[in-house]
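Listed below, chain by chain, are the residues.
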Amino acid sequence: MKKKHSIGILLLLVAFLFNIGSLKAEDYLGVEVDSLKASVDSLLKDEQLTSAEQEENTVDVKDIVMGHIGDSYEWHITTWGNLHLTVPLPVIIYSEATGWHVFSSSRLAENNGSYEGLSIAPKGSRYEGKLVEYDSQGNEVRPWDFSITKVACALLINSMLLIIIVLSVARWYRKHPQGSSAPGGFIGFMEMFIMMVNDDVIKSCIGPKYRRFSPYLLTAFFFIFINNLMGLIPFFPGGANVTGNIAVTMVLAFCTFLAVNLFGTKTYWKDIFWPDVPWWLKVPIPMMPLIEFFGVFTKPFALMIRLFANMLAGHMAMLVLTCLIFISVSMGAALNSTLTFASVLFNIFMNALELLVAFIQAYVFTMLSAVFIGLAQEDHPHEEKEKRQEVAVK
């Protein structure tokens, strides 16, 4: 029995070795290639999952910064998980092809950015972020847009706040005749503020004719100052970058341009077109008149860019410092905690600095406007002497 079992085992081993020997090299290599291919596919799938997770967890600093400083058709307040808390704003569009369109911006969110033939232009477009319509050839056409956007809504809110403050101060003075008790609290603070701007800036820069320009310059100062302060508040209705919008600063600079040139004296215009310089700088090539005329437009342009750039840079710096907390999450607990601590400290410092900048930029805009207006109100020295002599004779 033992011999039969040993012979059977021996035959089985020979058959097994024969089958292995009969395998072709190509079959063996094919098994190995299939095994390697399956391993590579699994590694690629793992890498794709990892990159997708990283992309999902990566903070897009550019979108955060541009989303805050840019304009939009809705006012995004916060995001809690998958919940986006936003304030819808009215969209008012006039199209030459389809007429008027008036609806809430929530309709755009419900329909993936399109409603009534209007669509929000995609990234990279000429009108990125704005509502456009498409003609028969597929070209983007920008209709007349009268919508109450985020910046426009913040502008209205801040303007109403300024009107309330001014009217409350005026109401107190209406109830208290001149010579009564001095105001205290908020009214006293506003009186100090108004007198400081009026006496130290407007009166000293413009001169005897300062009264006719005081209402505009005081309004410009407090309008800029309140919008700057409201832009530093991180929650609704603050946080909008109003004075960091070049359209707003352009209108303010244009108002100063009108105040300078519409009320300029004859001497002001004579100094532009025939300045008191050697004749060869005026004839035959009017070099100095051209330079002076060019300066009429560069002054308000400088006002516009100065206010816009300073307020925009401050907002961007604070946002980038805040984003350091979220960027460093994937760098480890030690580095993340260090950068978080540094980001909080720098943000506290930047907020304190921006409070100072909010006042300085309003002050500088008002002072330069007053200087430009004052230069347009000056008379020649010999004319002033003649006036003084006339007064002395009388």
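In this report, we go over the structure that sits alongside the text. On a predicted model such as this, the values are computed, not experimentally measured, just so you know.

Cut-offs and rules
- Residues numbered from 1 in each chain as written.
- Predicted model: local features only at pLDDT ≥ 70, side-chain atom pairs only at ≥ 80, totals over all residues.
- Heavy atoms only, no water.
- Helix = DSSP H or I, 4+ residues; strand = E, 2+ residues; numbered from the N terminus.
- Buried < 20%, exposed > 50% of the residue type's maximum accessible area, 1.4 Å probe, protein only.
- Contact = heavy atoms within 4.5 Å.
- Areas by Shrake-Rupley, 256 points an atom, 1.4 Å probe, with all protein chains shown as cover.
- Pairing = 2+ DSSP bridges.
- Salt bridge = Lys/Arg side-chain N within 4 Å of Asp/Glu carboxyl O.
- Polar contact = N/O pair within 3.5 Å; in protein donor to acceptor, adjacent residues only side chain to side chain.

1. A word on the overall build of the protein
Check the secondary structure of the protein and you find 12 helices and 9 strands. Counting every position in the protein, which comprises 394 residues, the buried fraction comes to 31%. Once local pairs closer than 6 in sequence are excluded, the contacts in the protein between residues at least 24 apart make up 61%. For the protein, the computed accessible surface area is about 25,900 Å², with 68% contributed by carbon and sulfur atoms.

2. What about the pairing of strand β4 (residues 99-104)?
Bridge analysis of strand β3 (residues 90-95) against β4 gives 6 bridges, and the strand direction is antiparallel. By the bridge assignment for β4, Ser95 is matched with Gly99. Between β3 and β4, which pair antiparallel and follow one another directly, the connecting turn spans 3 residues.

3. Quick look at the pattern of salt bridges
Enumeration over the complete set of coordinates arrives at 2 salt bridges. For Arg142, the salt bridge goes to Asp145, with nearest N and O atoms at 3.3 Å. Taking relative accessible area as the criterion, Asp145 reaches 25% and is therefore assigned partly exposed.

4. Brief notes about the side chain of Asn227
Along the polypeptide, Asn227 turns up in helix α7 (residues 214-232). In terms of polar contacts, Asn227 uses its side chain to reach the side chain of Asn158, at 2.7 Å. In this structure Asn227 touches Leu155, Asn158, Val242 and Thr243, once residues within four positions along its chain are discounted.

5. Examining the sheet that holds strand β7 (residues 131-134)
Judged by pairing direction, the sheet is antiparallel, and its 4 strands sit side by side in the order β5-β6-β7-β8 without closing on themselves. At either margin of the open sheet sits one strand with a lone partner, and together these are β5 (114-115) and β8 (140-141). Two strands pair when backbone bridges link them, and strand β6 (residues 118-120) and β7 are joined in this way by 2 bridges, in the antiparallel orientation. In the sheet register, Ser119 faces β7, and the bridge partner there is Val132.

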